[in-house]
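These are the residues of each chain, in order.
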Amino acid sequence: MKTTRRGFIKTGGIIAGATAFGIQTNGFAKNFIKSKGSKMKFTFKPYTLELKHVFTVAVNSRTTTPVMLTEIEYEGVKGFGEASMPPYLGESHETATRFLSKVNLEQFNDPFELEKILEYVDSIEEKNTAAKASVDIALHDLIGKLLNIPWYKIWGYEKSATPFTSFTIGIDTPEVVKQKVKEAEEYKILKVKLGRENDKEMVQTIRSVTDKPLTADVNQGWKEKQFALEMIEWLKDYNVKFIEQPMPKEMIDDIAWLTENSPLPIIGDEAVQRIPDVLKAHGVYSGINIKLMKCTGMREANKMLNLAKSLGMKVMLGCMTETSCAISAAAQLSPMVDWADLDGNLLIKNDPFEGVKVIDGKVTLNDFPGIGLKN
Ligand code: MG
């Protein structure tokens, strides 16, 4: 009898409290009240992205990218996530399936315990950063939807402060390069992939058809610092704004020398994956390239962003070839970055999502809750 009465008072207290603050009609409050004992249901499925063009960087070429699409369902609300796994980074449908099969979210009753849940996901196994990001993104989407607000607002970032995104022109023959530049008419900044024998030809080909500002990603392709410096000085005259990962990430002293002598900012990409790498990059690079798939998702990306800013470093926000799911998630951070390279969804033919868009070259946030997907 006593137990029943106590139970009744407890429940009554929660409802009365919600009513007293006038939030009884708010969807979140309703969910919160009825959510006692509810479980999160996590599911995933493999998917293969088809690229519009053969994608060539300094180390390889390909026409598809394997991804994993994830969902976390809670109280009838679904959050969506994605792992994008370009083969050279070591993850695949097989590794992600193995990792994600171990993720047990049913042990948690409260999706708002994001730090605790994602610490657990990170602790299951080392590496698997894209697979971890697919859980992180779905959880962020779910939380934003339960609160009915987008993440840029939860973080307090300014909607209109988003940057232009660069659009990547892969290494190719002059004819194809010219064609790609024409297709990229909407974009205000082009990113050129360098690090091969024909670097100067690539840049001159692009310059024969456009005078838009360029950024250069060398993907560790230059092996000698004096050569790298001469290339950077040459590129500066072609209105290149910064250089991404000019030399192999292991050549730390040479890169530090290059950064000190370079007329353009030097950004670490392959060298910077997670939080400890930001500290290592300080004093070696001018800035870092943050990607959700490298750093396990939005939670760590936001921490890296703020750490790098506090160290006075530049921040670039990049991506893999991804659907609009992971791109929309990354875009939530974009008001805070110096440069964005969020064109991954624009390079694919079979995007199953609609989300944050690029309008007149600018990353343009919407007001859909969560990560900004239209569903
Ligand atoms: Mg890069």
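Not measured: the values here are computed from a predicted model.

1. Things to note about unusual backbone geometry
Thought 1: The phi angle at Q245 is positive, at roughly 35°, despite the residue not being glycine.
Thought 2: Looking at the secondary structure, you find Q245 in the loop between β7 (240-244) and α10 (252-261).
Thought 3: Backbone geometry at T296 places phi at a positive 80°, although glycine is not the residue there.
Thought 4: As for its position among the elements, T296 is in the loop between α12 (292-295) and α13 (298-310).
Thought 5: Judged by relative accessible area, T296 falls into the buried class, the value being 7%.

2. What to know about the coordination of the magnesium ion
Thought 1: Coordination of the magnesium ion by the protein involves D217 (OD), E244 (OE) and D269 (OD), with metal-donor separations of 2.0 to 2.3 Å.
Thought 2: Sequence spacing of the donors to the magnesium ion: D-x26-E-x24-D. Of this pair, D217 sits in strand β6 (residues 214-217) while E244 sits in strand β7; the two residues are 27 residues apart in sequence, bridging distant segments of the chain.
Thought 3: For D217, a relative accessible area of 1% puts it in the buried group.
Thought 4: We classify E244 as buried; its relative accessible area is 0%.

3. Observations concerning α10
Thought 1: Looking at α10, one finds that the buried residues are I255, A256, L258 and T259. Taken end-on, α10 shows its buried residues confined to a sector of 160°, consistent with a single buried face. α10 presents D253 and E260 as exposed residues on the side facing more than 90 degrees away from its buried surface.
Thought 2: The inward-facing, buried residues of α10 contact α9 (225-236) and β8 (266-268).

Rules and cut-offs
- Residues numbered from 1 in each chain as written.
- Predicted model: local features only at pLDDT ≥ 70, side-chain atom pairs only at ≥ 80, totals over all residues.
- Heavy atoms only, no water.
- Helix = DSSP H or I, 4+ residues; strand = E, 2+ residues; numbered from the N terminus.
- Buried < 20%, exposed > 50% of the residue type's maximum accessible area, 1.4 Å probe, protein only.
- Donors = N, O, S within 2.8 Å, 3.2 Å for Na, K, Ca; no water.
- Arc of directions from axis to C-beta.
- Contact = heavy atoms within 4.5 Å.

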